[in-house]
Amino acid sequence: MKTFTTLLTLACLVIGVQAQTSWKLDKSHTGIKFTTTHMLISEVEGQFNDFDGSVVSTTPDFNGAKIEFVAKVSSIDTGNERRDGHLKGPDFFDAENHPEVKFNGKLVKKGKKYFLEGDFTMRGTTKPIKFDVVYNGTVAGGRGKKAGFKITGVVNRFDYGLQWNRAVETGGLVVADEVAITCNVELDEVVAQ
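The shown structure was predicted, so the numbers you read here are calculated from the model rather than taken from an experiment.

### Details of the overall build of the chain
Alright, step 1. Summing up its helical and strand segments, the chain has two helices and eleven strands in all.
Alright, step 2. Written out in order from the N terminus, the α and β elements of the chain read α-β-β-β-β-β-β-α-β-β-β-β-β.
Alright, step 3. Residues counted as buried form 34% of the 193 residues belonging to the chain.
Alright, step 4. Considering only residue pairs separated by 6 or more positions, the chain has 57% of its internal contacts joining residues 24 or more positions apart.
Alright, step 5. Accessible area of the chain: about 12,000 Å², with a carbon and sulfur share of 54%.

### Some remarks on unusual backbone geometry
Alright, step 1. Although it is not a glycine, Phe62 adopts a positive phi angle of roughly 70°.
Alright, step 2. Tracing the sequence through the fold places Phe62 in the loop between strand E4 (51-57) and strand E5 (66-72).
Alright, step 3. Of the residues examined, Phe62 reaches a relative accessible area of 1% and is grouped as buried.
Alright, step 4. Of note, Arg123 is a non-glycine position whose phi angle comes to about 50°, a positive value.

### What to know about the packing of aromatic side chains
Alright, step 1. Under the counting rule described, the total for this entry stands at nine aromatic pairs.
Alright, step 2. If you follow Lys130 out to its NZ or CZ, it ends over the ring of Phe115, 4.4 Å from the centre.

### Observations regarding the pairing of strand E10 (residues 144-156)
Alright, step 1. As judged from the nine bridges shared by strand E9 (residues 125-141) and E10, these two strands associate in the antiparallel manner. Paired with Gly137 across the two strands is Gly148, which belongs to E10.
Alright, step 2. Two successive antiparallel strands, E9 and E10, enclose a turn made up of two residues.

Parameters and conventions
- Residues numbered from 1 in each chain as written.
- Predicted model: local features only at pLDDT ≥ 70, side-chain atom pairs only at ≥ 80, totals over all residues.
- Heavy atoms only, no water.
- Helix = DSSP H or I, 4+ residues; strand = E, 2+ residues; numbered from the N terminus.
- Buried < 20%, exposed > 50% of the residue type's maximum accessible area, 1.4 Å probe, protein only.
- Contact = heavy atoms within 4.5 Å.
- Areas by Shrake-Rupley, 256 points an atom, 1.4 Å probe, with all protein chains shown as cover.
- Phe/Tyr/Trp six-rings, centres within 6.5 Å; stacked < 30°, edge-to-face > 60°.
- Lys NZ or Arg CZ within 6 Å of the ring centre and 35° of its normal.
- Pairing = 2+ DSSP bridges.

Okay, structure coming up:
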């Protein structure tokens, strides 16, 4: 009986290990973008060009998958060098003292909907967030399995200490407090060598 119990325990451990799948970001097919309102009349868009992340899933539909993500603040790009310099400075991200934006959490499936839930860290402040996720599916390609997601959400930059602003003559602020985030993510399955 003891041998049977030992074998059963080992079988459960092997099944558990086999069911875990690791994924990495396909950076050439992933975009980490943000948008905010400027002077009440237009929107300014930007992105992070240097980022990395990983996903570990124990289910084929990614429910409960653990997610880690980091973006380098120094890679911020809005298409305007002067504005980028201001964003990296102490008025906004303060890249010298807070060089990374991070997320650590999980993907949660509720009914047919997915959500990204976890801790979001920016400028040294960590707060819980919840973003909407669309899971676009998984395909087998010539170089292995790929999975695709679209993540959308809004953060209030004031909550993270990015509080620089000026009032415009007509009322309101030069830069809105809310920042919309859109991430189109493509993952590659990590195959053990």
